[in-house]
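# Report on the structure
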Amino acid sequence: KQWYQRRVPITAGGTNETIIANYMSELGYAVHGVGKWHLGYCSWDMTPVRRGFDSFYGYYNGHETYYTKVTHTYFDFRLDTPGPKDTVNDKVLFEANNTYSAYLYAKQASQVIQEHNPDEKPLFLYFPIQSVHNPNEVPDNYFQMYEGIVEDEKRRTLLAMITAMDDAAKVVVDSLKTKGIWENTVFIFFSDNGGPILGIGNGQTNYPLRGGKYSYWEGGVRSASFIHSPMLPPAGVNTQLLHVTDWLPTLTFLGACGVYGDEDKCSGPKLGDIDGSNQWGAIRGSRSSSRTEFLVNIDQDANNSALRWHQYKLYKGNPGNGAWVPPPRINADLFRSQFTKHVEDRKRYSSDLDYVFAGPYDAQKIQLYDVELDPAETVEISKQNPDIVNKMLERLEYYMSRAVEPHNKPHDPNSDPSKFNGTWTPWLASC
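Report on the accompanying structure.

Calculation notes
Residues numbered from 1 in each chain as written. Predicted model: local features only at pLDDT ≥ 70, side-chain atom pairs only at ≥ 80, totals over all residues. Heavy atoms only, no water. Helix = DSSP H or I, 4+ residues; strand = E, 2+ residues; numbered from the N terminus. Contact = heavy atoms within 4.5 Å. Expected span 1.5 Å × (residues − 1). Buried < 20%, exposed > 50% of the residue type's maximum accessible area, 1.4 Å probe, protein only. Arc of directions from axis to C-beta. Core = buried A, V, L, I, M, F, W, Y, C linked by side-chain atoms within 4.5 Å. Polar contact = N/O pair within 3.5 Å; in protein donor to acceptor, adjacent residues only side chain to side chain. Disulfide = S-S within 2.5 Å. Salt bridge = Lys/Arg side-chain N within 4 Å of Asp/Glu carboxyl O. Patch = residues over 30% accessible without salt bridge, like charges linked within 9 Å, V, L, I, M, F, W, Y side chains within 5 Å. Areas by Shrake-Rupley, 256 points an atom, 1.4 Å probe, with all protein chains shown as cover.

Before going further, it helps to examine the environment of Asp412. Among the secondary structure elements, Asp412 is positioned in the segment after helix H11 (386–402). Remark: the alpha-carbon pair of Asp412 and Lys347, spanning 65 residues in sequence, is separated by 24 Å. Each residue touching Asp412, except ones within four places of it in the same chain, is listed here: Tyr4, Gln5, Arg6, Trp427 and Leu428.

Here is the structure:
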């Protein structure tokens, strides 16, 4: 059965949902995207170069094959640049078929850097490389690097994919150095979520953290990241709270005010009533994080939610599968069971999300953990801390009062790529 695309929630407010590319462009940056989009493309107005990018090279959907550039049967790989009168020059790159995507992304990013003129404007390069999302695919030379080191084939392939990603990142860094702009660069590397596990896993382990992608457990939401710049102090570990929504105000402040900008004298662009806050001072060590809490999620349809407040994390309803999956060196049999029994379990569900949140669950069930003392979430402490539970439930009610109604749309048969030369393409005049 053919899968169809749909209008995604970000389109509900139209293109007035300003994203970081718009702001960086307004701040005078050259803005380029290389890799994955996944922010909707029901009309051309929702595609990257109509949302602030000067160019976009990659794919619109959430995942695809690394060599053939196919998702749900059809092709998705292109180079987009602005056209005349607010149009998009969309060049579908069928010639990219059979070339490993990490090579292509590294080459394109290097080309963007080489062609950039730093005397005219600074560069903002968004590089959401495909690796290491499923499916597990990697050139044999990388796979052979782990011969005799990792026995499990899925795990070995995943580690090889990470090494290929590392090499692509090195190409970007080397290109910045060759261009002579590395000394004036802030390089930020972070993951968007924890690895998928059990029936949707492809070699990952978040151990000793619980759960994985889609779930609200620490294994699903605590993300590995680092920041490097010749302009920043020597390396260290920052354990203060920073949420993904903080990147927009943090990076726009950096773009407007610079690495050494004084937050008392320079505020960056006006962003309106947003959830994020500028954390640049906390990152460079000039002040503490302004964040003491963050909303993990509220799902009005599934009736579940999660909140972090200081060192505590509260779950109301179903937080998703909270299994601990150890790496094969700790328990090889348990690790490998992901790819046998649990793969069969996954087949009973229509989506990964349904699989992770499967099973009966009391929507009023409360769980509380101290994730600073107990990051693996092994000891539930709600009964011992009723005042903290009540405080956090009040905060959840506050966020619920500000929540926007879901605007999910049904899958639209008019998006069928067979109508567009076998490619995933915008199909509406307006969303």
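Bringing H11 into the picture now. With 17 residues, H11 extends 25 Å between its outermost C-alpha atoms, agreeing within 8% with the 24 Å of an ideal straight helix rising 1.5 Å per residue. Buried within H11 are the following residues: Ile388, Val389, Met392, Leu396 and Tyr399. Projected down its long axis, H11 shows its buried positions confined to an angular sector of 95 degrees, all on one face. Residues of H11 that are exposed and point more than 90 degrees away from the buried face comprise Asp387, Glu394, Glu397 and Ser401. In the core, the buried residues of H11 are packed alongside strand E10 (293–299), strand E11 (304–309), strand E12 (312–316) and strand E13 (366–370).

This paragraph deals with the nonpolar core. With 27 residues, the main nonpolar core has Tyr57, Phe77, Tyr100, Tyr105, Ile129, Val138 and Met161 as its most contacted residues. Of all elements in the fold, only strand E2 (55–59), helix H2 (101–115), helix H3 (140–144) and helix H4 (153–179) reach the threshold of two or more residues within this core. Tallying contributions element by element places H4 first for this core, with 7 residues. If you look at the next biggest cluster of nonpolar residues, it comprises 25 residues, including Ile19, Met46, Trp247 and Leu254.

Turning our eyes to something else, we now look at the side chain of His342. Of note, His342 is situated in helix H9 (residues 341–346). Judged by relative accessible area, which is 17%, His342 ranks as buried. Contacts of His342, omitting those with residues within four sequence positions, involve Leu198, Gly199, Ser337 and Tyr355.

With that out of the way, let us pick up the environment of Tyr216. Inspection of the secondary structure assignment puts Tyr216 in the loop between strand E8 (187–190) and helix H5 (218–221). Using a relative accessible area of 5% as the deciding quantity, one classes Tyr216 as buried. Between the C-alpha atoms of Tyr216 and Phe420, which are 204 residues apart in sequence, the distance is 38 Å. Once residues lying within four places of it in the same chain are set aside, the contact partners of Tyr216 are Val221, Val296, Asn297, Asp299, Asn304, Ser305, Ala306, Lys313, Tyr315, Asn318, Pro319 and Phe357. Looking at Tyr216, its side chain comes within polar contact range of the side chain of Asn297, at 2.8 Å.

Glancing now at the state of the cysteines. Following the criterion strictly, the structure yields 1 disulfide and no others. Across the disulfide, Cys257 is cross-linked to Cys266 (sulfur-sulfur distance 1.8 Å). Looking along the S-S bond of the Cys257-Cys266 disulfide, the torsion reads about -75 degrees, which is the left-handed sense. Residue Cys266 is classed as partly exposed on the basis of its relative accessible area, which comes to 23%.

With that settled, consider the pattern of salt bridges. All told, the structure shown has 17 salt bridges when counted by the stated rule. Of the charged contacts in the structure, one is a salt bridge between Arg287 and Glu263, with a shortest N-O distance of 3.5 Å. Remark: Glu263 occurs in the loop between helix H6 (247–257) and helix H7 (280–284) and Arg287 occurs in the loop between H7 and E10; sequence separation between them is 24 residues. For Arg287, a relative accessible area of 37% puts it in the partly exposed group.

For the rest of this paragraph, the subject is a nonpolar patch on the surface. Together, Tyr207, Trp324 and Ile330 make up an exposed nonpolar region whose accessible area comes to about 290 Å². Structurally, Trp324 can be placed in the loop between E12 and helix H8 (332–336). Using a relative accessible area of 34% as the deciding quantity, one classes Trp324 as partly exposed.

The next thing to look at is unusual backbone geometry. With an omega of 5 degrees, the peptide bond between Ser131 and Val132 qualifies as cis. Here the residue pair Tyr207 and Pro208 is connected by a cis peptide bond, since its omega of 10 degrees sits within 30 degrees of zero. By secondary structure assignment, the location of Pro208 is in the loop between E8 and H5. Unlike most non-glycine residues, Thr73 shows phi in positive territory, near 85 degrees. Relative to the assigned elements, Thr73 resides in the loop between strand E3 (70–71) and strand E4 (74–75).

By the element assignment, Arg291 lies in the loop between H7 and E10. In this structure Arg291 comes out as buried when scored by relative accessible area, which is 13%. A polar atom in the side chain of Arg291 sits 2.8 Å from the backbone oxygen of Glu293. Beyond its immediate chain neighbours, meaning those up to four positions away, Arg291 contacts Leu241, His243, Thr245, Asp246, Asp275, Gly276, Ser277 and Gln279.

It is worth stressing that arrangement in space is one thing and function is another; only the former is reported here.
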